[in-house]
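Structure at a glance
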Amino acid sequence: MNITLSKNPAPEVWGKKAILSANDQGMTIHLVKDELTTIQQAARKIKNQNILNVALTGEGWGLEQCWAFHQGFVSVKNAGSVTYPALNEQQAEFDARLACSTFTRDIINEPSDRLTPEVLAHKAAEFILHQADKYVGKGKVSFEIVAREALNERGYHGIWTVGKGSAHLPAMLQLDYNPTGNPDAPVLACLVGKGITFDTGGYSLKPSDSMSTMRTDMGGAALVTGALGFAIARGLKQRVKLYLCCAENMVSSRAFKLGDIITYRNGVTAEVLNTDAEGRLVLADGLIEASKQKPQFIVDCATLTGAAKVAVGNDYHSVLSMDDQLVARLFASAKAENEPFWRLPFEEFHRSQISSSFADIANIGSVPVGAGASTATAFLSYFVENYQQNWLHIDCSATFRKTPSELWAAGATGIGVKTLANLLVSESKE
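Residues numbered from 1 in each chain as written. Predicted model: local features only at pLDDT ≥ 70, side-chain atom pairs only at ≥ 80, totals over all residues. Heavy atoms only, no water.

Thoughts on the pairing of strand β3 (residues 26-30)
Walk down a regular strand and you will see the side chains alternate between the two sheet faces. Here β3 lies mainly inside the structure; 5 of its 5 residues are buried. Here strand β1 (residues 2-6) runs beside β3; their pairing, made up of 4 bridges, is parallel. Paired with isoleucine 3 across the two strands is methionine 27, which belongs to β3. Sheet analysis places strand β2 (residues 20-23) next to β3, joined by 4 bridges and oriented antiparallel. Bridge pairing in β3 places asparagine 23 opposite glycine 26. The hairpin formed by β2 and β3 contains 2 residues between the paired strands. (Buried < 20%, exposed > 50% of the residue type's maximum accessible area, 1.4 Å probe, protein only. Helix = DSSP H or I, 4+ residues; strand = E, 2+ residues; numbered from the N terminus. Pairing = 2+ DSSP bridges.)

Here it is, written out as structure tokens:
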């Protein structure tokens, strides 16, 4: 089926303000409003009609138009195929977007019986190795996967505590992308990702409807990995370190319980008052490690709170930070890449809203009506050396859609990969 573009309205027979029409030559997308949104909506409509094999033909198909169509057409079931026009000097950019977005989406959609914590760590490392070998050359990436009991022995007590209750024991990926070849090169950025490969909620058990998509609770880890891979494809020339905090949150005789107290390597103690607030417990280890590297900035990504999703739905990633300038630079990257981010509040007073009677802090808010996304960020701030500057927390609510919309199929979206890659490359040129 050939798909063409037109700036003329559809014939009235197709309905008022129709964005699609058809004839003997194929289907036409009518760009009567926002062009890229219309193309993505039209691609979704075409796929929903079970038209699985299409070719984009005629005038007007540039890089962004092809990308908008791809985002609307891609789906887990009935994958189909798209023949894209040659994009000439923009072909390499499109191919890199496709590869990094596909990696991110596929790994988020992967069932948890196959994607265990150690498998996630290995797959992420293999992807970054492949990207570096392809675009920069061999020998630019080193990594270590700290797994199982070694986590506890080396002081990564948050990841160990959350993951010890599963038969698939936890793991932490520590990866160093260093294109300079200089072992003393400064670190531009540290990326930290929540890699909970399945989340039952632990003893604070989730209801079945809330648990059914919890194989996707490693979306933050997938996002930062895909973003680093894409930044490498776009020519990232400065050093970046990646930390993925991977675990399954399960119920067993070994699982952590309410009232347990975790002592972290930076001396902070945290009381567990809800085992379903486990993402922040594992991220803490990654943020401590990231802070030790003295990077120019830190970004962590996590499908962290239901509160953020209530605030912005599946349509935006939420951003929380006290560094207004860094937030502004992130939003400039988001605008350049046409991806949706929204800022939520994080203030100093939120740090006093996670008090504990038995430890320095608790892993949930201690006020009757609290701002869940903000107090989760407050918890994380206790593990960032200079939390007021050069740190962005992204509660990535737009990572996955349980149900389809007019723009997206059900499943992972890949939103944020381009924005974070843009930020890394932009900051490396400053």
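On we go from here.
Focus: helix α8 (residues 219-233)
Spanning 15 residues, α8 covers 21 Å between terminal C-alpha atoms, matching the ideal 21 Å at 1.5 Å per step. Backbone geometry just downstream of α8 places glycine 235 in the positive-phi region, at approximately 100 degrees. (Expected span 1.5 Å × (residues − 1).)

What about a positive patch on the surface?
A grouping of Lys16, Lys17, Lys33 and Lys45 is seen on the molecular surface, where their side chains present a positively charged patch. With respect to the element layout, lysine 17 can be found in the loop between β1 and β2. (Patch = residues over 30% accessible without salt bridge, like charges linked within 9 Å, V, L, I, M, F, W, Y side chains within 5 Å. Areas by Shrake-Rupley, 256 points an atom, 1.4 Å probe, with all protein chains shown as cover. Salt bridge = Lys/Arg side-chain N within 4 Å of Asp/Glu carboxyl O. Lys, Arg positive; Asp, Glu negative; His and termini not counted. Charge placed at Lys NZ, Arg CZ, Asp CG, Glu CD.)

Some thoughts on the domain arrangement of the chain
One can read the domain layout of the chain as domain 1 (2-86) and domain 2 (98-427). Each of domain 1 and domain 2 has a C-alpha centre, and these two points are 35 Å apart. The partner domain 2 presents 12 residues to the 13 residues of domain 1 that form the contact. A combined buried area of about 1100 Å² lies between domain 1 and domain 2, and 56% of that area is made up of carbon and sulfur atoms. Where domain 1 touches domain 2, the interface holds 0 salt bridges. Elements supplying a minimum of two residues to the side of domain 1 that touches domain 2: α1 (35-48) and α2 (63-73). Residue composition of the side of domain 1 that touches domain 2, by class: 4 nonpolar, 7 polar and 2 charged. (Domains from an automatic or database assignment. Contact = heavy atoms within 4.5 Å. Buried area = accessible area lost by both parts, 1.4 Å probe. Nonpolar A, V, L, I, M, F, W, Y, C, P; charged D, E, K, R; others polar.)

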